[in-house]
Amino acid sequence: MSTDSFAAAIGKGSSLYKPRLAEALRMGLIFGVVEGITPIIGWLIGQAASQFVKDWDHWIAFGLLLILGLHMIYNGLKTSEEKEEKTRRHGFFLLVVTAIATSIDALAVGIGLAFINVNILVAAAAIGLATMIMVTVGAMLGRVLGTLVGRRAEVLGGIVLMLVGAIILHEHLTA
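Thresholds, definitions, all that
Residues numbered from 1 in each chain as written. Predicted model: local features only at pLDDT ≥ 70, side-chain atom pairs only at ≥ 80, totals over all residues. Heavy atoms only, no water. Helix = DSSP H or I, 4+ residues; strand = E, 2+ residues; numbered from the N terminus. Contact = heavy atoms within 4.5 Å. Areas by Shrake-Rupley, 256 points an atom, 1.4 Å probe, with all protein chains shown as cover. Axes fitted to C-alpha atoms, helices over the stretch in contact; angles between N-to-C directions. Left-handed = near helix turned anticlockwise from the far one by under 90°. Nonpolar A, V, L, I, M, F, W, Y, C, P; charged D, E, K, R; others polar. 1 Å grid on protein atoms, 1.4 Å probe; cavity = no way out; pocket = protein on both sides within 12 Å on 5 of 7 lines; lining within 4 Å. Points joined across faces, edges and corners; volume = space filled by probe spheres on them. Patch = residues over 30% accessible without salt bridge, like charges linked within 9 Å, V, L, I, M, F, W, Y side chains within 5 Å. Salt bridge = Lys/Arg side-chain N within 4 Å of Asp/Glu carboxyl O.

Section: the overall build of the protein
Next up, step 1: Counting its regular elements, the protein contains six helices and zero strands.
Next up, step 2: When the elements of the protein are put in sequence order from the N terminus, they spell out α-α-α-α-α-α.
Next up, step 3: Residue pairs at least 24 apart in sequence account for 94% of intrachain contacts in the protein once pairs closer than 6 positions are excluded.
Next up, step 4: As displayed, the protein has an accessible area near 9200 Å², and 71% of this comes from carbon and sulfur atoms.

Re the packing of helix α2 (residues 21–45) against helix α4 (residues 92–113)
Next up, step 1: Where α2 contacts α4, the two axes come as close as 6 Å, and the packing angle between them is 35 degrees. For the pair α2 and α4, the sense of crossing is right-handed.
Next up, step 2: A class-by-class count of the residues in the contact of α2 with α4 yields 17 nonpolar, six polar and four charged.

Looking at empty space enclosed by the protein
Next up, step 1: With the rule as written, the count across this model stands at one cavity of 30 Å³ or more.
Next up, step 2: Each pocket or cavity is described by its volume, and for the largest cavity that value is around 30 Å³.
Next up, step 3: In terms of lining residues, the largest cavity is bounded by Ile10, Gly11, Ser14, Leu145, Leu156, Gly157 and Val160.
Next up, step 4: Sorting the residues of the lining of the largest cavity by element identifies α1 (2–14) and α6 (153–174) as the ones contributing at least two each.

Thoughts on a nonpolar patch on the surface
Next up, step 1: Taken together, Leu29, Val33, Ile37, Ile41 and Ile45 make up a surface patch of nonpolar side chains, about 390 Å² in accessible area.
Next up, step 2: The topology assignment puts Leu29 in helix α2.

Below, the structure is given as structure tokens:
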């Protein structure tokens, strides 16, 4: 589950101006908390809404990631006069929306966990911690890629987000 968040973090990290470890940890914490909460929500929803979530989760994730990716590509393709300096920090709301988009599958996993004998709090904590670590590493890896790729880093990040959304959609439609 955390691989989607990892890929998104690479894109987000590449679009920042020299992100520091503190910013990468902040991103990791936001993604980790969201990814840890979504299986609990799914577990609480249980069987009653499982069919609805299972039928639409991939479309919701795809739509959100497509919009975020297109926005990043647009910002990356702005001409020099239009383009502002790279930001040093992503807004909280943008990170939460991205985290939700990449963790909708964890909601469905939580629904599945409701039917087996699993301590949901331990499972959610493990999922959240793994995501936090992967996003922190991904954001720092994005820093390196952003330096190597330069202005095209934000475009690359947007493409990565859209690809993650397309992969989520493809996996669910072909399953």
